[in-house]
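Structural features, examined
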There are 2 protein chains.
Amino acid sequence: MINEKNVQLGKVRSSIRELFEYGKKRKAEIGAENVFDFSLGNPSVPAPPEVNAALKEIIDTCDPVVLHGYTSAQGDYGVRKTVADHINARFKTSLDADCIYMTCGAAASLTITLNALLNPGDEVITFAPYFPEYKVFCENAGGKLITAGCEDGTFQIDFEKFERALSPKTKAVIVNSPNNPSGVVYSEKSMIFLGQLLKKHSEKYKTPVFLISDEPYRELTFEKDVTVPYIMDFYDYSIVCYSYSKSLSLPGERIGYIAVNNKMPCFNDVYAGVCGAGRALGFVCAPNLFQQLIKKVYDKTSDISVYKRNRDRLYSALTEYGYTVVKPDGAFYMFVKALEPDAKAFAERAKEYELLIVAGDDFGCKGYVRIAYCVAPETIERALPSFKRLYESYKK
Amino acid sequence: MINEKNVQLGKVRSSIRELFEYGKKRKAEIGAENVFDFSLGNPSVPAPPEVNAALKEIIDTCDPVVLHGYTSAQGDYGVRKTVADHINARFKTSLDADCIYMTCGAAASLTITLNALLNPGDEVITFAPYFPEYKVFCENAGGKLITAGCEDGTFQIDFEKFERALSPKTKAVIVNSPNNPSGVVYSEKSMIFLGQLLKKHSEKYKTPVFLISDEPYRELTFEKDVTVPYIMDFYDYSIVCYSYSKSLSLPGERIGYIAVNNKMPCFNDVYAGVCGAGRALGFVCAPNLFQQLIKKVYDKTSDISVYKRNRDRLYSALTEYGYTVVKPDGAFYMFVKALEPDAKAFAERAKEYELLIVAGDDFGCKGYVRIAYCVAPETIERALPSFKRLYESYKK
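Rules used in this analysis
Residues numbered from 1 in each chain as written. Chains lettered and ligands numbered in written order. Predicted model: local features only at pLDDT ≥ 70, side-chain atom pairs only at ≥ 80, totals over all residues. Heavy atoms only, no water. Helix = DSSP H or I, 4+ residues; strand = E, 2+ residues; numbered from the N terminus. Buried < 20%, exposed > 50% of the residue type's maximum accessible area, 1.4 Å probe, protein only. Contact = heavy atoms within 4.5 Å. Areas by Shrake-Rupley, 256 points an atom, 1.4 Å probe, with all protein chains shown as cover. Phe/Tyr/Trp six-rings, centres within 6.5 Å; stacked < 30°, edge-to-face > 60°. Lys NZ or Arg CZ within 6 Å of the ring centre and 35° of its normal. Buried area = accessible area lost by both parts, 1.4 Å probe. Salt bridge = Lys/Arg side-chain N within 4 Å of Asp/Glu carboxyl O. Nonpolar A, V, L, I, M, F, W, Y, C, P; charged D, E, K, R; others polar. Least-squares fit on C-alpha atoms with pLDDT ≥ 70 in both. Core = buried A, V, L, I, M, F, W, Y, C linked by side-chain atoms within 4.5 Å. pLDDT = per-residue confidence, 0-100. Pairing = 2+ DSSP bridges. Axes fitted to C-alpha atoms, helices over the stretch in contact; angles between N-to-C directions. Parallel < 35°, antiparallel > 145°, perpendicular 65-115°, else oblique. Left-handed = near helix turned anticlockwise from the far one by under 90°.

1. Notes on the overall build of chain A
Scanning chain A for helices and strands turns up 14 helices and 13 strands. For chain A, the C-alpha atoms occupy an extent of roughly 65 × 55 × 55 Å along the three principal directions. Burial statistics for chain A: of 396 residues in total, 62% are counted as buried. Relative to all contacts within chain A whose residues are 6 or more apart in sequence, the contacts with residues 24 or more apart total 74%. Summing over all exposed atoms, chain A offers an accessible surface of approximately 14600 Å²; the carbon and sulfur share of this is 50%.

Shown next as structure tokens:
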């Protein structure tokens, strides 16, 4: 009677959320310190002190009618100028304020972008493993998500599989690097080659394929020699969907942006489509106080070193125990090979050791589990004996 | 090639926005004090001091990981409990926290609700004059907006016209009282009768028609004897889309809620549909800091007396000059009969007197203009001679 698709989306929680809810219950039963909850990508490191200081300064010094008032739909001009200048300072772009559209975080950036681009029946390709809400967002925008598997073990793009996924209906490709759930950063070589393939495909079918980069984890890399390639440097029909949720530990405040590459010939239409889609979806404008905040802390991050320490400790311990682990270059997720073919059964068995980890099946990739290690370092330390015992239980 | 509908929505500004942009340009030419801009419903009264005090207190006292972290998708439990309790204290409802879904303001409340309810081809009726974005929101949700005219002069619901608009395809009716743009408050008698009609229609076609109340202006009434009827008191299949934008002068911060009446038999499905639609549209959760703010200032408003003073001054002056004015009981809009049949031509002529007012055509109602009097009282005072001269120009 009412919209059955949305009723089902509301009723059926994602398995990640299910596991998180199970964890809450289990913690009440046996004590929070005895449950090792690696289910959710919720930052455990607080926002940097500059965030709260800036919020209070803005509140104290701005005219409240202006501060709490509407900004233009695409966002405050000064904020957009700051964002564009910061991108230009880091990459080979020449964006201006009118290439930027401020949003309520990465999810909004994606739904707005997909609604701007897609017509009914259009296909969007992404690389598995992938963030499962991509499917929900694509379908709401009238499109269909097609997944292309990655190279087993490295989880870099597998171009043979990707070429098989391309079709005349392909309207866009979503990349997410550093990747949730694998933690892998796609190499510059891969991104250049991806751009060349898309260019060839676009020319063949005389209609551009857009490359969308979902970037909530861009700032979360742990080695000096790991850089996350910027898609606008390699491909003109490119759109960056950025969020400050993880880099500034502000996931509940919903602030991010869409950057549309001004090198694409149809830039004016695409940017207008973004404005129109934001309007039709009911976004009006991104929260003004958090827009003003970004003007002040655009180049700060929370203390990423905690995630690096967690990664190093967990990676060395798990490999020592005998696990096969994809070494993550970024984000705060680790992808580990399950010790039996069915990763769901493996994740179930991990629960017996109070380890809450998510089967890769939920990310479109069987045989692996995701460990979200954005937890307190003590949690890692206390969880290690359980990981050891879980491993040993398979070797008996 | 890309989504043409959203491109057009992004390119074609609403006439209200066009007029506002003209005003900015005109102010630069002849000085802001010489342009009388009544185009936008942007509150001129600051948020009450409790807002900034509470924001700073929350920032100072909450754990930043919790404060800036995700809430559940429907909103923080304590916040939803506060909202439900406050509604129950004012009206004949028994809502609990799980009837409330926190949103990024009224536009988000409406898009989420419409996406939860509508299937392709469903019709939504509203009463003209009406907020023009309703059409955009309905169409994005796959529905069609049908308008029913009001009684000329009073702008109360005209039930004959409404019955003609009803059809087997009617899925929902949107009411907006106090009304933008007329300022009219629909009477209790009207709301009771509307509920009876919808009940009869629902029984006839064996499928409920939902009544959606869009309530950004609920708190903006000016007389003790004017009360805004609460639809849940009269009709079970009812959903309230509320916003704090105007009552607390926070339009740029995007905070509001959806309240689903728990008396409707299909409550569980409708609430799940709301959760699913919020997820599919990319809302994730309403900004956490502003959710926490509402817990502290849910019963405050900015200084509404300024709008009352503006209304009284403007109403008495315009009627004295000879204008025919619909006396507004609430919101901060005044609907005035144009002095020639074509209200657009009248609004154009008003520009010659530096008066920026919007033709009713844009609200689905010809022959009238809307004056947004949420301006500084001095602006009203200085504008009055222009209104007088405009009137006289028609009597020559």
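Picking up after the structure, the text goes on.
2. Thoughts on the packing of aromatic side chains
According to the stated counting rule, one finds 50 aromatic pairs over all chains in the structure shown. Both rings, one in A:Phe290 and one in B:Phe290, keep their centres 6.2 Å apart while their planes meet at 85°; by these two values the pair is edge-to-face. One end of the pair, A:Phe290, is in helix α11 (residues 288-297); the other, B:Phe290, is in helix α11 (residues 288-297), on a second chain. Residue A:Phe290 shares its accessibility class with B:Phe290, and that shared class is buried. Ring geometry for B:Phe267 versus B:Tyr271: centroids 5.8 Å apart, planes at 20°, classification stacked. Highlighted residues: B:Phe267 and B:Tyr271, both in helix α10 (residues 267-281), separated by four residues, approximately one helical turn. Judged on exposure class, the residue B:Phe267 and its partner B:Tyr271 are both buried. Here a set of aromatic residues connected by ring pairs shows up, and it is made of A:Phe127, A:Phe159, A:Phe162, A:Tyr186 and A:Phe193. For A:Lys351, the ring lying beneath its charged end belongs to A:Tyr22, and the centroid distance is 4.3 Å.

3. Observations concerning the interface of chain A and chain B
On the side of chain B, 74 residues touch chain A, which itself brings 74 residues to the contact. Of the roughly 5900 Å² buried at the junction of chain A and chain B (both faces included), carbon and sulfur atoms supply 57%. Together, A:His68, A:Tyr70 and A:Arg279 form the three largest contributors to the area buried by chain A at its contact with chain B, with a combined 13%. At the boundary of chain A with chain B, the tally comes to six salt bridges. Between A:Asp60 and B:Lys56 there is a salt bridge, with its nearest N and O atoms 2.5 Å apart. Looking at the side of chain A that touches chain B, the elements with two or more residues in it are α1 (4-11), α3 (49-61), α4 (64-67), α6 (105-117), α7 (133-140), α10 (267-281) and α11 of chain A. The greatest single-element share of the side of chain A that touches chain B, amounting to eleven residues, is contributed by α10(A). When grouped by side-chain class, the residues that make up the side of chain A that touches chain B number 42 nonpolar, 21 polar and eleven charged.

4. Digging into the relation of the copies chain A and chain B
By a simple turn and slide, chain A fits onto chain B: the slide is 0.0 Å along the axis, the RMSD is 0.0 Å, and the turn is 180°. A rotation of that kind, with that shift, is consistent with a two-fold axis. Here 100% of the interface residues in chain A have copies in chain B that are interface residues too; the copies meet face to matching face.

5. Describing the nonpolar core
Residues A:Phe127, A:Phe162, A:Leu194, B:Phe127, B:Phe162, B:Leu194 and B:Phe210 are the most contacted members of the largest nonpolar core, which totals 203 residues. For A:Phe127, the residues in contact, after removing those within four places along its chain, are A:Ala148, A:Cys150, A:Ile157, A:Phe162, A:Val173, A:Ile174, A:Val175, A:Tyr186 and A:Leu194.

6. Details of helix α7 (residues 133-140) of chain B
All of the buried residues along α7(B) are B:Glu133, B:Tyr134, B:Val136, B:Phe137 and B:Cys138. Of the residues trailing α7(B), B:Gly142 is marked for its positive phi of about 90°.

7. Some points on unusual backbone geometry
Backbone phi values are negative for most residues with the exception of glycine, while trans is the configuration of most peptide bonds. Along the chain, A:Asn180 connects to A:Pro181 via a cis peptide bond; the corresponding omega equals 20°. Secondary-structure assignment places A:Pro181 in the loop between β5 (170-175) and α9 (188-205). Of the consecutive residues B:Ala128 and B:Pro129, the connecting peptide bond is found in the cis state with omega at 5°. Relative to the assigned elements, B:Pro129 resides in the loop between β3 (123-128) and α7. A positive phi is found at A:Lys206, a non-glycine position, where the angle reads about 55°. In this structure, A:Lys206 sits in the loop between α9 and β6 (210-215). Classification of A:Lys206 by relative accessible area gives exposed; the value is 74%.

8. As for the confidence of the model for chain A
The predicted model of chain A averages 96 in pLDDT, with 100% of residues at 70 or higher. Predicted complex metrics record ipTM = 0.96 and pTM = 0.97.

9. Looking at the pairing of strand β8 (residues 256-260) of chain B
Residue and element names in this part refer to chain B. Most of β8 is tucked away, with five of its five residues classed as buried. Residues of β8 alternate between two faces, with Gly256, Ile258 and Val260 on one and Tyr257 and Ala259 on the opposite face, all of them buried. Sheet analysis places strand β2 (residues 100-103) next to β8, joined by four bridges and oriented antiparallel. Considered in β8, the bridge of Thr103 is made with Gly256. Two strands pair when backbone bridges link them, and strand β7 (residues 238-243) and β8 are joined in this way by five bridges, in the antiparallel orientation. Within β8, the position partnered with Ile239 by the bridge is Val260.

10. Focus on the side chain of A:His68
With respect to the helices and strands, the residue A:His68 is situated in the loop between α4 and α5 (77-90). Owing to a relative accessible area of 0%, A:His68 belongs among the buried residues under this scheme. The residues contacting A:His68, other than those within four sequence positions of it, are B:Ala47, B:Val51, B:Asn52, B:Leu55, B:Ser249, B:Leu250, B:Pro251, B:Gly252 and B:Glu253.

11. Some remarks on the packing of α7(A) against α10(B)
The relative placement of two packed helices comes down to the angle between their axes together with the axis-to-axis distance. It is at 8 Å that the axes of α7(A) and α10(B) come closest, and there the two elements cross at 90°. As the angle between them shows, α7(A) and α10(B) are arranged roughly perpendicular. Across the interface between the two elements, A:Glu133, A:Val136, A:Phe137 and A:Asn140 from α7(A) touch B:Arg279, B:Ala280 and B:Leu281 from α10(B). Looking at side-chain class alone, the contact of α7(A) with α10(B) contains four nonpolar, one polar and two charged residues.

12. Some thoughts on the sheet that holds β2(B)
Residues and elements named next belong to chain B. Pairing in this open sheet of seven strands is mixed, and the strands run β2-β8-β7-β6-β5-β3-β4 from one edge to the other. Of all strands in the sheet, those with a lone pairing partner are β2 and β4 (144-149), marking the two edges. The sheet shows a mean angle of 20° between the axes of neighbouring strands, taken without regard to direction. α7 contacts β3, β4, β5 (170-175) and β6 (210-215) of the sheet and is inclined by roughly 145° relative to β4. Contacts between α10 and the sheet are confined to β2, β6, β7 and β8, with β2 contributing the most and set at about 20° to the helix.

13. Quick word on the pattern of salt bridges
Overall, the coordinates contain 51 salt bridges over all chains when judged by the stated rule. With a shortest N-O distance of 2.9 Å, B:Asp85 and B:Lys81 are connected by a salt bridge. Note that B:Asp85 and B:Lys81 are positioned in helix α5 (residues 77-90) at a spacing of four residues, about one turn of the helix. A residue is classified by how much of its surface remains accessible, and B:Lys81, at 35% relative accessible area, is partly exposed. Here the salt bridges do not stand alone but share partners, grouping A:Glu223, A:Lys308, A:Arg311 and A:Asp312 into one network.

14. Let's talk about the packing of helix α6 (residues 105-117) of chain B against α10(B)
All names here are of chain B. Put simply, α6 and α10 touch, their axes get as near as 8 Å, and they point 115° apart. Where α6 crosses over α10, the handedness of that crossing is right-handed. Within the contact between the two elements, α6 uses Thr111, Ile112, Asn115, Ala116 and Leu117 and α10 uses Val270, Gly273, Val274, Ala277, Gly278 and Leu281. Of the residues contributing to the contact of α6 with α10, the split by class is seven nonpolar, four polar and no charged.

15. Details of the sheet that holds strand β8 (residues 256-260) of chain A
All names here are of chain A. Pairing is mixed in the open sheet, where seven strands are placed in the order β2-β8-β7-β6-β5-β3-β4. If you trace the sheet from one side to the other, it starts and ends with β2 (100-103) and β4 (144-149), each paired once. Along the sheet, successive strands turn relative to each other by an average axial angle of 20°, direction set aside. On top of the sheet, α6 reaches β2, β3 (123-128), β5, β6, β7 (238-243) and β8; it is set at about 155° to β7, its chief contact. Sitting on the sheet, α7 touches β3, β4, β5 and β6, and the angle it makes with β4 is about 145°.

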